[in-house]
Amino acid sequence: MRKNEGTSKSKNPNLRTIEMLGKMAYYYDRIDDRWRTISYRKAITALKRQTDYIATREQAIGIPGIGERLASKVEEIACTNKLRRLESTVTDPNDRILLLFMGIYQVGLPTASRWIAQGHQSLEDLKAKADLTPNQKIGLDHYNDFLSRIPRSEVMAHAEIVRRACSNADAQIQLVVGGSYRRGSADCGDIDLIITKESASLEQIRTILVDTVIPQLFQDGFLQVGLATSRSRSTDRGSKWHGASALPGSQVWRRIDLLFVPWDEFGAALIYFTGNDIFNRSIRLLASRKKMRLNQHGLYGDIMRGEKRERITQGKLLEGRSEERIFDILGVPWRPPEHRIC
Ligand code: DCP
Ligand code: CA
(Lines give C-alpha, C1' and ligand atoms only; values in the text may rest on other atoms or scores of the structure.)
(Ligands and ions follow the chains in the order given, each with its own letter.)
Protein backbone atom coordinates (compact mmCIF):
# COMPACT_ATOMS: atom_id res chain seq x y z
CA MET A 1 0.00 0.00 0.00
CA ARG A 2 1.24 3.44 -0.75
CA LYS A 3 0.25 7.06 -0.56
CA ASN A 4 -1.58 8.72 -3.43
CA GLU A 5 1.01 10.74 -5.27
CA GLY A 6 -1.44 13.20 -6.81
CA THR A 7 0.36 15.72 -8.95
CA SER A 8 3.92 14.51 -8.22
CA LYS A 9 3.33 11.76 -10.83
CA SER A 10 5.18 13.69 -13.52
CA LYS A 11 8.47 13.25 -11.60
CA ASN A 12 8.42 9.47 -11.94
CA PRO A 13 11.28 8.37 -14.25
CA ASN A 14 9.24 5.36 -15.42
CA LEU A 15 6.27 7.35 -16.67
CA ARG A 16 6.46 6.09 -20.26
CA THR A 17 6.62 2.44 -19.13
CA ILE A 18 3.77 3.01 -16.67
CA GLU A 19 1.64 4.61 -19.38
CA MET A 20 2.15 1.72 -21.81
CA LEU A 21 1.60 -0.97 -19.18
CA GLY A 22 -1.55 0.95 -18.20
CA LYS A 23 -2.86 0.68 -21.76
CA MET A 24 -2.15 -3.05 -21.72
CA ALA A 25 -3.95 -3.44 -18.36
CA TYR A 26 -6.93 -1.59 -19.81
CA TYR A 27 -6.89 -3.87 -22.84
CA TYR A 28 -6.84 -7.03 -20.69
CA ASP A 29 -9.57 -5.59 -18.50
CA ARG A 30 -11.85 -5.09 -21.49
CA ILE A 31 -11.30 -8.58 -22.83
CA ASP A 32 -12.04 -9.87 -19.31
CA ASP A 33 -8.60 -11.36 -18.67
CA ARG A 34 -8.68 -10.72 -14.92
CA TRP A 35 -5.34 -12.29 -13.99
CA ARG A 36 -3.35 -10.36 -16.57
CA THR A 37 -5.22 -7.18 -15.60
CA ILE A 38 -4.23 -7.69 -11.97
CA SER A 39 -0.60 -8.51 -12.72
CA TYR A 40 -0.24 -5.44 -14.97
CA ARG A 41 -1.83 -3.24 -12.32
CA LYS A 42 0.46 -4.66 -9.63
CA ALA A 43 3.49 -4.00 -11.82
CA ILE A 44 2.31 -0.41 -12.43
CA THR A 45 1.90 0.17 -8.68
CA ALA A 46 5.38 -1.24 -8.07
CA LEU A 47 6.92 0.95 -10.80
CA LYS A 48 5.23 4.07 -9.44
CA ARG A 49 7.17 3.53 -6.21
CA GLN A 50 10.55 3.47 -7.96
CA THR A 51 12.76 6.52 -7.87
CA ASP A 52 15.25 5.09 -10.44
CA TYR A 53 14.65 4.45 -14.12
CA ILE A 54 14.09 0.70 -14.65
CA ALA A 55 15.64 -0.30 -17.96
CA THR A 56 16.50 -4.00 -17.80
CA ARG A 57 14.71 -7.25 -17.17
CA GLU A 58 17.00 -8.01 -14.23
CA GLN A 59 16.27 -4.67 -12.57
CA ALA A 60 12.53 -5.22 -13.06
CA ILE A 61 12.54 -8.78 -11.68
CA GLY A 62 14.19 -7.46 -8.52
CA ILE A 63 11.07 -5.40 -7.75
CA PRO A 64 8.37 -7.16 -5.70
CA GLY A 65 5.15 -7.22 -7.73
CA ILE A 66 6.88 -7.67 -11.11
CA GLY A 67 7.14 -11.21 -12.48
CA GLU A 68 9.34 -12.55 -15.29
CA ARG A 69 6.94 -11.91 -18.16
CA LEU A 70 6.19 -8.38 -17.08
CA ALA A 71 9.89 -7.73 -16.57
CA SER A 72 10.52 -8.58 -20.24
CA LYS A 73 7.82 -6.09 -21.24
CA VAL A 74 9.45 -3.39 -19.09
CA GLU A 75 12.76 -4.04 -20.87
CA GLU A 76 11.09 -4.01 -24.31
CA ILE A 77 9.57 -0.59 -23.60
CA ALA A 78 12.86 0.75 -22.25
CA CYS A 79 14.85 -0.51 -25.27
CA THR A 80 12.41 0.16 -28.12
CA ASN A 81 10.05 2.78 -26.66
CA LYS A 82 7.29 0.45 -27.93
CA LEU A 83 5.38 -2.66 -26.92
CA ARG A 84 4.59 -4.99 -29.81
CA ARG A 85 1.67 -6.61 -27.97
CA LEU A 86 0.09 -3.20 -27.43
CA GLU A 87 0.53 -2.22 -31.06
CA SER A 88 -1.27 -5.37 -32.18
CA THR A 89 -4.29 -4.35 -30.06
CA VAL A 90 -4.24 -0.78 -31.41
CA THR A 91 -4.18 -1.87 -35.07
CA ASP A 92 -6.88 -4.51 -34.54
CA PRO A 93 -10.03 -2.80 -35.92
CA ASN A 94 -12.33 -4.98 -33.85
CA ASP A 95 -10.53 -3.98 -30.69
CA ARG A 96 -10.85 -0.30 -31.60
CA ILE A 97 -14.61 -0.72 -31.99
CA LEU A 98 -14.77 -2.82 -28.83
CA LEU A 99 -13.03 -0.02 -26.95
CA LEU A 100 -15.44 2.54 -28.41
CA PHE A 101 -18.54 0.52 -27.47
CA MET A 102 -17.26 -0.40 -24.01
CA GLY A 103 -16.90 3.30 -23.32
CA ILE A 104 -20.71 3.46 -23.13
CA TYR A 105 -21.94 3.46 -19.55
CA GLN A 106 -22.53 -0.08 -18.25
CA VAL A 107 -21.65 -1.74 -21.55
CA GLY A 108 -19.32 -4.70 -21.02
CA LEU A 109 -17.57 -7.20 -23.25
CA PRO A 110 -20.62 -9.42 -24.04
CA THR A 111 -22.82 -6.53 -25.24
CA ALA A 112 -20.03 -4.80 -27.17
CA SER A 113 -19.07 -8.10 -28.86
CA ARG A 114 -22.71 -8.82 -29.74
CA TRP A 115 -23.06 -5.41 -31.40
CA ILE A 116 -19.88 -5.99 -33.42
CA ALA A 117 -21.17 -9.43 -34.48
CA GLN A 118 -24.41 -7.74 -35.61
CA GLY A 119 -22.34 -5.50 -37.89
CA HIS A 120 -22.37 -2.23 -35.93
CA GLN A 121 -19.17 -0.24 -36.34
CA SER A 122 -19.80 3.19 -34.89
CA LEU A 123 -21.79 5.03 -32.23
CA GLU A 124 -23.99 6.40 -35.05
CA ASP A 125 -24.76 2.80 -36.12
CA LEU A 126 -25.84 1.98 -32.60
CA LYS A 127 -28.01 5.09 -32.32
CA ALA A 128 -29.73 4.37 -35.62
CA LYS A 129 -30.03 0.60 -35.67
CA ALA A 130 -29.27 -1.20 -32.40
CA ASP A 131 -31.83 -2.29 -29.87
CA LEU A 132 -30.79 -0.23 -26.84
CA THR A 133 -31.89 -0.31 -23.20
CA PRO A 134 -32.89 3.03 -21.62
CA ASN A 135 -29.54 3.14 -19.76
CA GLN A 136 -27.60 2.51 -22.96
CA LYS A 137 -29.49 5.32 -24.72
CA ILE A 138 -28.55 7.73 -21.92
CA GLY A 139 -24.98 6.39 -21.97
CA LEU A 140 -24.74 7.04 -25.71
CA ASP A 141 -26.24 10.52 -25.49
CA HIS A 142 -23.73 11.45 -22.78
CA TYR A 143 -20.82 9.39 -24.08
CA ASN A 144 -18.10 11.99 -23.58
CA ASP A 145 -19.51 13.34 -20.32
CA PHE A 146 -19.50 9.91 -18.66
CA LEU A 147 -16.07 8.96 -19.99
CA SER A 148 -14.26 12.08 -18.86
CA ARG A 149 -12.66 12.23 -15.42
CA ILE A 150 -14.18 14.71 -12.95
CA PRO A 151 -11.83 17.23 -11.32
CA ARG A 152 -11.69 16.84 -7.55
CA SER A 153 -13.08 20.34 -6.94
CA GLU A 154 -16.13 19.54 -9.06
CA VAL A 155 -16.77 16.28 -7.15
CA MET A 156 -16.75 18.39 -3.98
CA ALA A 157 -19.25 20.87 -5.47
CA HIS A 158 -21.69 18.05 -6.38
CA ALA A 159 -21.28 16.49 -2.93
CA GLU A 160 -21.97 19.83 -1.21
CA ILE A 161 -25.28 20.20 -3.05
CA VAL A 162 -26.36 16.71 -1.94
CA ARG A 163 -25.08 17.36 1.60
CA ARG A 164 -27.18 20.53 1.84
CA ALA A 165 -30.31 18.76 0.59
CA CYS A 166 -29.73 15.93 3.09
CA SER A 167 -29.31 18.38 6.00
CA ASN A 168 -32.51 20.17 5.01
CA ALA A 169 -34.36 16.85 5.09
CA ASP A 170 -32.74 15.55 8.29
CA ALA A 171 -30.03 17.40 10.21
CA GLN A 172 -28.49 14.14 11.49
CA ILE A 173 -27.63 12.67 8.12
CA GLN A 174 -23.90 12.16 7.53
CA LEU A 175 -22.33 12.11 4.09
CA VAL A 176 -18.83 11.00 3.14
CA VAL A 177 -17.42 11.25 -0.37
CA GLY A 178 -15.97 7.80 -1.07
CA GLY A 179 -14.17 6.08 -3.95
CA SER A 180 -11.08 7.60 -5.52
CA TYR A 181 -11.98 11.03 -4.05
CA ARG A 182 -11.51 9.73 -0.50
CA ARG A 183 -8.20 8.20 -1.56
CA GLY A 184 -7.06 11.69 -2.55
CA SER A 185 -7.21 11.38 -6.37
CA ALA A 186 -6.89 14.59 -8.35
CA ASP A 187 -9.79 13.43 -10.56
CA CYS A 188 -12.50 10.79 -10.32
CA GLY A 189 -14.46 8.54 -12.68
CA ASP A 190 -17.73 9.19 -10.87
CA ILE A 191 -19.10 10.60 -7.61
CA ASP A 192 -19.58 8.06 -4.80
CA LEU A 193 -21.54 9.43 -1.84
CA ILE A 194 -21.79 7.25 1.28
CA ILE A 195 -24.82 8.31 3.29
CA THR A 196 -25.75 7.25 6.84
CA LYS A 197 -27.39 8.53 10.01
CA GLU A 198 -26.62 7.70 13.62
CA SER A 199 -28.70 4.74 14.89
CA ALA A 200 -30.70 4.56 11.65
CA SER A 201 -31.61 1.44 9.69
CA LEU A 202 -31.25 1.05 5.92
CA GLU A 203 -35.00 1.45 5.56
CA GLN A 204 -35.01 4.76 7.47
CA ILE A 205 -32.14 6.21 5.45
CA ARG A 206 -33.58 5.04 2.13
CA THR A 207 -36.96 6.58 3.00
CA ILE A 208 -35.42 10.01 3.68
CA LEU A 209 -33.41 9.89 0.47
CA VAL A 210 -35.98 8.38 -1.88
CA ASP A 211 -39.02 10.25 -0.56
CA THR A 212 -37.50 13.66 0.16
CA VAL A 213 -33.89 14.33 -0.88
CA ILE A 214 -33.86 12.82 -4.39
CA PRO A 215 -37.18 14.39 -5.50
CA GLN A 216 -35.95 17.75 -4.17
CA LEU A 217 -32.67 17.45 -6.08
CA PHE A 218 -34.61 16.69 -9.27
CA GLN A 219 -36.83 19.69 -8.65
CA ASP A 220 -33.77 21.88 -8.13
CA GLY A 221 -32.49 20.81 -11.55
CA PHE A 222 -29.40 19.16 -10.05
CA LEU A 223 -30.29 15.50 -10.68
CA GLN A 224 -30.86 14.81 -14.37
CA VAL A 225 -31.82 11.14 -14.53
CA GLY A 226 -31.95 7.93 -12.49
CA LEU A 227 -30.21 4.90 -13.99
CA ALA A 228 -31.51 1.39 -13.39
CA THR A 229 -28.98 -0.90 -11.70
CA SER A 230 -28.40 -3.78 -14.08
CA ARG A 231 -27.01 -6.55 -11.95
CA SER A 232 -28.38 -5.73 -8.53
CA ARG A 233 -27.20 -8.48 -6.25
CA SER A 234 -29.61 -9.46 -3.49
CA THR A 235 -27.27 -7.89 -0.90
CA ASP A 236 -27.32 -4.56 -2.77
CA ARG A 237 -31.06 -4.34 -3.23
CA GLY A 238 -32.42 -0.98 -2.21
CA SER A 239 -29.12 0.29 -0.91
CA LYS A 240 -27.99 2.27 -3.95
CA TRP A 241 -29.26 4.96 -6.24
CA HIS A 242 -27.45 5.54 -9.52
CA GLY A 243 -27.96 8.58 -11.67
CA ALA A 244 -26.49 11.68 -13.25
CA SER A 245 -26.16 15.21 -11.92
CA ALA A 246 -25.13 18.60 -13.30
CA LEU A 247 -23.94 21.74 -11.52
CA PRO A 248 -26.10 24.86 -11.89
CA GLY A 249 -25.43 26.47 -15.28
CA SER A 250 -23.49 23.46 -16.60
CA GLN A 251 -24.52 21.17 -19.45
CA VAL A 252 -22.08 18.47 -18.37
CA TRP A 253 -23.64 15.40 -16.79
CA ARG A 254 -21.65 13.49 -14.17
CA ARG A 255 -22.28 9.96 -12.92
CA ILE A 256 -23.33 10.02 -9.28
CA ASP A 257 -24.01 7.11 -6.89
CA LEU A 258 -25.86 7.54 -3.62
CA LEU A 259 -24.99 4.66 -1.30
CA PHE A 260 -27.42 4.18 1.61
CA VAL A 261 -25.65 2.64 4.60
CA PRO A 262 -27.22 1.59 7.92
CA TRP A 263 -25.36 3.04 10.89
CA ASP A 264 -24.30 -0.41 12.11
CA GLU A 265 -22.49 -1.05 8.82
CA PHE A 266 -20.89 2.36 8.32
CA GLY A 267 -17.26 1.26 8.93
CA ALA A 268 -17.44 -1.78 6.65
CA ALA A 269 -19.15 0.29 3.94
CA LEU A 270 -16.48 3.00 4.25
CA ILE A 271 -13.77 0.41 3.67
CA TYR A 272 -15.60 -1.14 0.72
CA PHE A 273 -16.55 2.10 -1.05
CA THR A 274 -13.14 3.69 -0.45
CA GLY A 275 -11.26 0.86 -2.15
CA ASN A 276 -9.36 0.68 -4.26
CA ASP A 277 -10.70 -2.58 -5.63
CA ILE A 278 -7.33 -4.35 -5.34
CA PHE A 279 -6.91 -3.16 -1.73
CA ASN A 280 -10.41 -4.54 -1.03
CA ARG A 281 -9.50 -7.82 -2.60
CA SER A 282 -6.34 -8.17 -0.51
CA ILE A 283 -7.95 -7.16 2.81
CA ARG A 284 -10.77 -9.65 2.19
CA LEU A 285 -8.25 -12.37 1.43
CA LEU A 286 -6.43 -11.54 4.64
CA ALA A 287 -9.72 -11.80 6.59
CA SER A 288 -10.42 -15.14 4.96
CA ARG A 289 -6.94 -16.45 5.90
CA LYS A 290 -7.71 -15.50 9.50
CA LYS A 291 -11.00 -17.46 9.38
CA MET A 292 -12.97 -14.24 9.20
CA ARG A 293 -15.02 -12.70 6.43
CA LEU A 294 -15.15 -9.05 5.39
CA ASN A 295 -17.78 -7.58 3.11
CA GLN A 296 -19.47 -4.19 2.73
CA HIS A 297 -21.78 -4.97 5.67
CA GLY A 298 -19.29 -6.05 8.32
CA LEU A 299 -16.46 -8.22 9.58
CA TYR A 300 -17.60 -11.71 10.64
CA GLY A 301 -15.78 -14.33 12.73
CA ASP A 302 -15.97 -18.09 13.33
CA ILE A 303 -16.23 -18.79 9.63
CA MET A 304 -15.86 -22.44 8.70
CA ARG A 305 -14.81 -23.28 5.16
CA GLY A 306 -14.82 -26.54 3.24
CA GLU A 307 -12.08 -28.08 1.11
CA LYS A 308 -12.61 -25.67 -1.77
CA ARG A 309 -12.69 -22.70 0.63
CA GLU A 310 -16.46 -22.52 0.28
CA ARG A 311 -18.20 -21.10 3.35
CA ILE A 312 -19.99 -23.60 5.58
CA THR A 313 -21.09 -21.15 8.31
CA GLN A 314 -22.17 -17.50 8.01
CA GLY A 315 -20.21 -16.58 11.13
CA LYS A 316 -21.01 -14.00 13.78
CA LEU A 317 -20.69 -10.26 13.34
CA LEU A 318 -17.52 -8.93 15.00
CA GLU A 319 -17.68 -5.29 13.86
CA GLY A 320 -19.47 -3.20 11.27
CA ARG A 321 -19.67 0.36 12.57
CA SER A 322 -16.06 1.41 12.99
CA GLU A 323 -13.49 1.38 10.22
CA GLU A 324 -10.65 1.57 12.78
CA ARG A 325 -12.02 -1.38 14.81
CA ILE A 326 -12.20 -3.53 11.67
CA PHE A 327 -8.52 -2.86 10.91
CA ASP A 328 -7.75 -3.54 14.57
CA ILE A 329 -9.55 -6.90 14.76
CA LEU A 330 -7.93 -7.96 11.49
CA GLY A 331 -4.54 -7.10 12.99
CA VAL A 332 -3.78 -4.62 10.18
CA PRO A 333 -2.21 -1.26 11.15
CA TRP A 334 -4.56 1.63 10.40
CA ARG A 335 -4.15 2.93 6.84
CA PRO A 336 -5.56 6.33 5.96
CA PRO A 337 -7.62 6.25 2.72
CA GLU A 338 -4.81 7.92 0.72
CA HIS A 339 -2.59 4.90 1.43
CA ARG A 340 -5.09 2.31 0.23
CA ILE A 341 -3.76 2.05 -3.29
CA CYS A 342 -2.53 -1.35 -4.36
N1 DCP B 1 -15.32 -1.58 -5.65
C2 DCP B 1 -14.78 -2.85 -5.47
N3 DCP B 1 -14.87 -3.77 -6.46
C4 DCP B 1 -15.47 -3.48 -7.62
C5 DCP B 1 -16.02 -2.19 -7.83
C6 DCP B 1 -15.92 -1.25 -6.82
O7 DCP B 1 -14.22 -3.15 -4.41
N8 DCP B 1 -15.55 -4.40 -8.58
C9 DCP B 1 -15.18 -0.58 -4.57
C10 DCP B 1 -13.76 -0.06 -4.53
C11 DCP B 1 -13.85 1.22 -5.29
C12 DCP B 1 -15.23 1.73 -4.89
O13 DCP B 1 -16.02 0.53 -4.79
O14 DCP B 1 -12.83 2.11 -4.91
C15 DCP B 1 -15.82 2.69 -5.87
O16 DCP B 1 -15.85 2.10 -7.16
P17 DCP B 1 -15.51 2.93 -8.46
O18 DCP B 1 -15.71 2.01 -9.62
O19 DCP B 1 -16.26 4.20 -8.45
O20 DCP B 1 -13.93 3.15 -8.36
P21 DCP B 1 -13.04 4.33 -7.81
O22 DCP B 1 -13.85 5.38 -7.14
O23 DCP B 1 -11.97 3.69 -7.01
O24 DCP B 1 -12.35 4.92 -9.13
P25 DCP B 1 -12.90 6.00 -10.19
O26 DCP B 1 -12.19 7.26 -9.95
O27 DCP B 1 -12.54 5.43 -11.52
O28 DCP B 1 -14.39 6.11 -10.02
CA1 CA C 1 -15.66 6.40 -8.10
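Just so you know, these numbers come straight off a predicted model, no measurement behind them.

## Brief notes about helix 4 (residues 68-80)
Here's step 1: Helix length check: helix 4, at 13 residues, gives a terminal C-alpha distance of 18 Å against a target of 18 Å (1.5 Å per residue), a fit within 8%.
Here's step 2: Regarding helix 4, the residues found buried are Leu70, Ala71, Val74, Glu76 and Ile77.
Here's step 3: Within two residues after helix 4, Asn81 carries a phi angle of roughly 65°, on the positive side.

## Points about the environment of Gln204
Here's step 1: Within the secondary structure, Gln204 sits in helix 13 (residues 202-219).
Here's step 2: What makes Gln204 partly exposed here is its relative accessible area of 45%.
Here's step 3: Separated by 86 residues in sequence, Gln204 and Gln118 have C-alpha atoms that sit 46 Å apart.

## Looking at the packing of aromatic side chains
Here's step 1: Evaluated as defined, the whole model comprises 9 aromatic pairs.
Here's step 2: For the pair Tyr272 and Phe273, a centre-to-centre distance of 4.9 Å together with 85° between the ring planes defines the contact as edge-to-face.
Here's step 3: Judged by its relative accessible area of 26%, Tyr272 falls in the partly exposed class.
Here's step 4: With a centroid separation of 6.4 Å and an interplanar angle of 25°, the aromatic rings of Phe279 and Phe327 are classed as stacked. One end of the pair, Phe279, is in helix 15 (residues 277-289); the other, Phe327, is in helix 16 (residues 323-330), with 48 residues separating them in the sequence. When sorted by exposure, Phe279 lands in the same class as Phe327, which is buried.
Here's step 5: Members of the aromatic cluster, joined through ring pairs, are Tyr27, Tyr28 and Tyr40.
Here's step 6: In this structure, Arg152 packs its charged tip against the face of Tyr181, placed 3.9 Å from the ring centre.
Here's step 7: Over the aromatic face of Trp334 sits the side chain of Arg340, whose NZ or CZ is 5.1 Å from the ring centroid.

## Some remarks on the nonpolar core
Here's step 1: Ranked by internal contacts, the top residues of the largest apolar core, which has 29 residues, are Val162, Leu193, Leu209, Ile256 and Leu258.
Here's step 2: For this core, the secondary structure elements donating two or more residues are helix 11 (152-169), strand 2 (173-177), strand 4 (191-197), helix 13 and strand 7 (254-260).
Here's step 3: Sequence-distant contacts of Ile256, that is, excluding residues within four places in its chain, are made with Val162, Ile191, Leu193, Phe222, Leu223, Trp241, His242, Gly243, Ala244 and Ser245.
Here's step 4: Ranked by size, the runner-up nonpolar core spans 22 residues in total, among them Ile18, Ile66, Ala71 and Leu83.

## Section: the environment of Gly67
Here's step 1: The residue Gly67 is located in the loop between helix 3 (57-61) and helix 4 in this model.
Here's step 2: On the accessibility criterion, Gly67 (37% relative accessible area) is partly exposed.
Here's step 3: In the structure, Gly67 is positioned 10 residues away from Arg57 in sequence and 9.7 Å away in space, judged by C-alpha atoms.

## Some points on the pattern of salt bridges
Here's step 1: Per the counting criterion, the structure on display carries 19 salt bridges.
Here's step 2: Taking the shortest distance from any N to any O, the salt bridge between Arg84 and Glu76 comes out at 3.2 Å.
Here's step 3: Arg84 gets classed as exposed once you look at its relative accessible area, which sits at 63%.
Here's step 4: The closest approach of N and O atoms between Arg206 and Glu203, which form a salt bridge, is 2.3 Å. One end of the pair is Arg206 and the other is Glu203, both in helix 13 and 3 residues apart, which spans about a single turn.
Here's step 5: The exposure class of Glu203 is partly exposed, given its relative accessible area of 45%.

## Some words on the layout of surface pockets
Here's step 1: Looking at the second largest pocket, its volume works out to about 330 Å³.
Here's step 2: In terms of lining residues, the second largest pocket is bounded by 14 residues, among which Ile38, Lys42, Ile278, Ser282 and Cys342 are the most central.
Here's step 3: At the level of secondary structure, the elements contributing two or more residues to the lining of the second largest pocket comprise helix 2 (34-48) and helix 15.
Here's step 4: Split into classes, the residues belonging to the lining of the second largest pocket amount to 8 nonpolar, 3 polar and 3 charged.
Here's step 5: Both domains that meet at the lining of the second largest pocket, namely domain 1 (15-88) and domain 4 (274-339), each give it at least three residues.

## Description of the site of ligand 1
Here's step 1: The full set close to ligand 1 counts 15 residues, and Arg149, Ser180, Arg183, Gly189 and Asn280 are the nearest of them.
Here's step 2: In this structure, Arg183 approaches ligand 1 through a side-chain N or O atom, which is 2.8 Å from an oxygen atom.
Here's step 3: Between an oxygen atom of ligand 1 and a main-chain N or O atom of Thr274, the distance comes to 3.4 Å.
Here's step 4: Of all the secondary structure elements, the ones that give two or more residues to the shell around ligand 1 are helix 12 (179-182), helix 14 (266-274) and helix 15.
Here's step 5: It is helix 14 that contributes the most residues to the shell around ligand 1, 3 residues altogether.
Here's step 6: Residue-level mapping places the shell around ligand 1 at the junction of two domains, with at least three residues from each of domain 3 (150-261) and domain 4 (274-339).

## Some remarks on the UniProt feature "active site" (unreviewed entry) in the chain
Here's step 1: In the numbering used here, UniProt assigns the feature "active site" (unreviewed entry) to Lys73.
Here's step 2: Note that Lys73 resides in helix 4.
Here's step 3: Aside from chain neighbours lying at most four places away, what touches Lys73 is Leu21, Tyr40 and Leu83.

What counts and what doesn't
- Residues numbered from 1 in each chain as written.
- Chains lettered and ligands numbered in written order.
- Predicted model: local features only at pLDDT ≥ 70, side-chain atom pairs only at ≥ 80, totals over all residues.
- Heavy atoms only, no water.
- Helix = DSSP H or I, 4+ residues; strand = E, 2+ residues; numbered from the N terminus.
- Expected span 1.5 Å × (residues − 1).
- Buried < 20%, exposed > 50% of the residue type's maximum accessible area, 1.4 Å probe, protein only.
- Phe/Tyr/Trp six-rings, centres within 6.5 Å; stacked < 30°, edge-to-face > 60°.
- Lys NZ or Arg CZ within 6 Å of the ring centre and 35° of its normal.
- Core = buried A, V, L, I, M, F, W, Y, C linked by side-chain atoms within 4.5 Å.
- Contact = heavy atoms within 4.5 Å.
- Salt bridge = Lys/Arg side-chain N within 4 Å of Asp/Glu carboxyl O.
- 1 Å grid on protein atoms, 1.4 Å probe; cavity = no way out; pocket = protein on both sides within 12 Å on 5 of 7 lines; lining within 4 Å.
- Points joined across faces, edges and corners; volume = space filled by probe spheres on them.
- Nonpolar A, V, L, I, M, F, W, Y, C, P; charged D, E, K, R; others polar.
- Domains from an automatic or database assignment.
- Near = heavy atom within 4 Å.
- Polar contact = N/O pair within 3.5 Å; in protein donor to acceptor, adjacent residues only side chain to side chain.
- UniProt positions renumbered as here; feature names shortened; annotations may be inferred.

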